[in-house]
Amino acid sequence: MRLAPKSLAGQLTLLLLLALALAQGAAVALFAWERIEALRDAHRDNAVARTATVARLLGDTPPGLHASVIAAASTELARFSLTGEPVVGETGAGERAAAIARDLSAALGVAPERVRVAPLRTRYLDDDDDRDDHHDHDDDDDGDEDHDHEHWELDWFTASVALRGGRWLNAAVGPPPGAPAWGAAFVLTFLLSALGIAAVAVLTGRRIAKPMRGLAAAAGRFGRGEAVEDLSEAGPVETRETVRAFNLMRARLDRYVRDRTAMLAAVSHDLRTPITSLRLHAEFVEDTETKAKILAALDEMQRMTEDALAFIREDMQRDETRMVDLHALLDSVAADLAELGHDFDVADSGRVLVACRPAALRRALRNLLENAAAYGGRAAAHVERDDEETRVVVEDEGPGIPEAELERVFEPFVRLETSRSRDTGGSGLGLAIARGIVRGHGGDIRLENRAEGGLRATVALPGAGRP
């Protein structure tokens, strides 16, 4: 199956060629069988006519010329002889022998009892004797048990015809020469048919597969969060229905995401009013400690609201997807954070191109690098790639995260008390936003604790490329 074509056009072509080969093979076999049967019938009719002609010649010529007539009439395929007793004792059983006997009696114009026909047992020996020595006529049909390496063929016949004067004309008719089952015309017909069907299959397969390839490409782009226009509905009915279903699904998902985003933006925006009102009321609280706690909680709510609004605004204003040098993008983010006092080490990995939305991916990488620098001390990052994906690996030297919490930290507003203190700031949206962006590109983010200590975050993006 490794050699089988993978494309629709290739599989359709192979299927049609196999069907053609089977159909042509069956047709050639049937036609060859008919040719052989026609040749056998012609050979039998010729043998009957030849035997009748020899019998008439013998009846019209003097006995002294009979030997010459017999010698002249005998060939490798039909041998004649004159005997006082018939070689064939009686007409053999079977429709073929009876039909030959009827034909002979009709051709000679004699009574059926004056013609006897029996199958000819032709013996082929396993030596290199001359072909003339390979034909042995069994007069009494008793079989020859002394020849262990002989093959007997019963397809043809021996005939004995009664002549005037009490003598018998015996004719031993051998099988006809073989007919070629495969002729040049058949081979040429098959090749021309195969080429024609292959051309039609390739064109048809490509026509059918073209909208499917477009659908697959559009689905891939849509899965990476790119903007996709409605696809044109072309091709067979099943293909058009599939494309129509994709267009409907894409439109419904876009509408759902827009509605959800608009709702979240409205909620986040409306939260500003009660937060401001609570802040004003908090100013009238006389207990200094209670007032400080209330204001701190309101500040945290304010940060969470602003982060949510910022994320929603960026999500609603997506930049176009284009090819970007991932290493250069990562190095740029690290340089920006280094100016803020964070220590980063970005290994040189050369130019690696990926299709992405640069602003969104930049924010995801920034969130990961900030997270590593804030909670893991010194951080290092590098880009690696293989045939299936491109990965950005960010490692820190911090305390890591408990195994049970590695997935939970991606949930919105989740912060771990032990290693992600509230005193460091943040709203708990960083990792959730980063994973949402990366998954919007068709990839994912994985977290794992390093054996030597610290946390490793891997951003896996589909595809890879170098200029």
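Residues numbered from 1 in each chain as written. Predicted model: local features only at pLDDT ≥ 70, side-chain atom pairs only at ≥ 80, totals over all residues. Heavy atoms only, no water.

**Quick look at the packing of aromatic side chains**
In plain terms, the rule: Any Phe, Tyr or Trp ring, taking Trp's six-membered ring, that has another such ring centre within 6.5 Å forms a pair; planes under 30 degrees apart are called stacked, those over 60 apart edge-to-face, and the others tilted. Counting from the N terminus, the helices are DSSP H or I runs at least four residues long and the strands are E runs at least two residues long. To sort residues, take the accessible area from a 1.4 Å probe on protein chains only and compare it with the maximum for the residue type: under 20% means buried, over 50% means exposed, and anything in between is partly exposed.
What the rule picks out here adds up to 1 aromatic pair. Seen from their ring centres, Phe222 and Phe246 are 6.3 Å apart, and the 80 degrees between their planes marks the pair as edge-to-face. Here Phe246 lies in helix α5 (residues 237–282) and Phe222 lies in helix α4 (residues 184–223), a separation of 24 residues in the sequence. Under the relative-accessibility criterion, Phe246 is labelled buried at 7%.

**Side note on the pattern of salt bridges**
Put simply, the rule reads: What makes a salt bridge here is a side-chain nitrogen of Lys or Arg within 4 Å of a carboxyl oxygen of Asp or Glu, nothing more.
For the structure on display, the rule yields 21 salt bridges. With a shortest N-O distance of 3.0 Å, Arg439 and Asp444 are connected by a salt bridge. Taking the relative accessible area as the measure of exposure, Asp444 reaches 24% and is therefore partly exposed. It is possible to trace a salt-bridge network through shared partners that takes in Glu384, Asp386, Glu389 and Arg391.

**Digging into a nonpolar patch on the surface**
Operational definition: For patches, a residue must show more than 30% relative accessible area and have no salt bridge; joins then use 9 Å for like charges and 5 Å for nonpolar side chains, namely Val, Leu, Ile, Met, Phe, Trp and Tyr. Each accessible area is a Shrake-Rupley estimate made with a 1.4 Å probe; only the visible protein chains count as cover when residues are assessed.
On the surface, a nonpolar cluster with roughly 340 Å² of combined accessible area is contributed by Met263, Leu264, Val267 and Leu271. Tracing the backbone shows Leu271 in helix α5. With relative accessibility at 35%, the residue Leu271 sits in the partly exposed group.

**Concerning the sheet that holds strand β9 (residues 389–396)**
Here is the rule: Pairing between strands is defined by DSSP: at least two bridges between them are needed. To obtain an axis, a line is fitted to C-alpha atoms, over the contacting stretch when the element is a helix, and the angle between two such axes runs from 0 to 180 degrees between their N-to-C directions. Whether two residues are in contact is decided by their heavy atoms, any of which lying within 4.5 Å being enough.
Across the sheet, which stays open at both edges, the 5 strands sit in the order β6-β8-β9-β11-β10 with mixed pairing between neighbours. Edge strands, defined here as strands with exactly one partner in the open sheet, are β6 (344–346) and β10 (444–449). On average, each strand axis in the sheet is inclined to that of its neighbour by 20 degrees, with strand direction left out of account. Contacting β6, β8 (379–385), β9 and β11 (455–462), helix α7 (residues 326–338) runs over the sheet at an angle of about 165 degrees to β6. Docked against the sheet, helix α9 (residues 430–440) engages β10 and β11, running at close to 130 degrees with respect to β10.

**Description of α9**
A large share of α9 lies buried, amounting to 8 of its 11 residues. Within two residues after α9, Gly442 carries a phi angle of roughly 85 degrees, on the positive side.

**Focus on the nonpolar core**
The nonpolar side chains of a soluble globular protein tend to be buried with one another. Going by this rule: Side-chain atoms within 4.5 Å link the members of a nonpolar core, which is a set of buried Ala, Val, Leu, Ile, Met, Phe, Trp, Tyr and Cys residues.
Of all hydrophobic cores here, the largest spans 41 residues; its most connected members are Leu326, Leu330, Leu365, Leu369, Val392, Leu447 and Val459. Ranked by residue count, the leading element in this core is helix α8 (residues 358–376), at 8 residues. Setting aside its immediate chain neighbours within four residues, Val392 contacts Leu326, Leu330, Leu365, His382, Val383, Ala457, Thr458 and Val459. Core analysis: the next-biggest nonpolar cluster, separate from the first, contains 26 residues, Val69, Phe80, Ala101 and Trp156 among them.

**Overview of the packing of α8 against α9**
For clarity, the threshold we go by: We call a crossing left-handed when the near helix sits turned anticlockwise from the far one by less than a right angle, and right-handed when that turn is clockwise. Residues were grouped as follows: Ala, Val, Leu, Ile, Met, Phe, Trp, Tyr, Cys and Pro as nonpolar; Asp, Glu, Lys and Arg as charged; and all remaining residues, including Gly, as polar.
Between α8 and α9, whose axes approach to 9 Å, the crossing angle comes to 145 degrees. As for the relative orientation of α8 and α9, their crossing is left-handed in sense. Note on element contacts: α9 touches α8 through Gly430, Leu431, Ile433, Ala434, Ile437 and Val438, opposite Ala360, Leu361, Arg363, Ala364, Asn367, Leu368 and Asn371. Partitioned by chemical class, the residues of the contact of α8 with α9 number 9 nonpolar, 3 polar and 1 charged.

**Here's the deal with the packing of α7 against α8**
The line we're drawing: Angles below 35 degrees are treated as roughly parallel, those above 145 as roughly antiparallel, those between 65 and 115 as roughly perpendicular, and all remaining angles as oblique.
Axis separation between α7 and α8 bottoms out at 10 Å; the angle between their running directions is 50 degrees. Viewed along their axes, α7 and α8 adopt a mutual orientation that is oblique. The hand of the α7/α8 crossing is right-handed. Of the residues in α8, those in contact with Leu326, Leu329, Leu330, Ser332, Val333, Ala334, Asp336 and Leu337 of α7 are Pro358, Leu361, Arg362, Leu365, Arg366, Leu369 and Glu370. In terms of residue class, the contact of α7 with α8 is made up of 10 nonpolar, 1 polar and 4 charged.

**Structural notes on the environment of Glu397**
Within the secondary structure layout, Glu397 lies in the loop between β9 and α9. Glu397 sits in the exposed class, given a relative accessible area of 54%. Separated by 19 residues in sequence, Glu397 and Arg378 have C-alpha atoms that sit 6.2 Å apart. Those residues in contact with Glu397 that lie beyond four places of it in its chain are Gly376, Arg378, Arg450 and Gly454.

**Comments concerning the pairing of β11**
A regular strand places its side chains so that they alternate between the two faces of the sheet. Of all 8 residues in β11, 7 are buried; the element is thus mostly enclosed. Across 7 bridges, the pairing between β9 and β11 is antiparallel. From the neighbouring strand, Arg391 faces β11, where its bridge partner is Ala460. Direction of pairing for β10 relative to β11: antiparallel, over a ladder of 6 bridges. Directly across from Asn449, in β11, lies its bridge partner Leu455. Linkage of β10 to β11, two consecutive antiparallel strands, is achieved through a turn of 5 residues, within which Gly453 is found at a positive phi near 105 degrees.

**Quick notes on the side chain of Asp325**
The condition that has to hold: Just so you know, the count uses Lys and Arg for positive and Asp and Glu for negative, and it drops His and the chain ends.
When you line up the elements, Asp325 lands in strand β5 (residues 322–325). There is no salt bridge for the buried Asp325, and the closest opposite charge comes from Arg351, which lies 4.1 Å off by N-O distance. When sequence neighbours within four positions are dropped, the list of residues in contact with Asp325 reads Gly350, Arg351, Val352 and Leu353.

Structural measurements only, silent on function.
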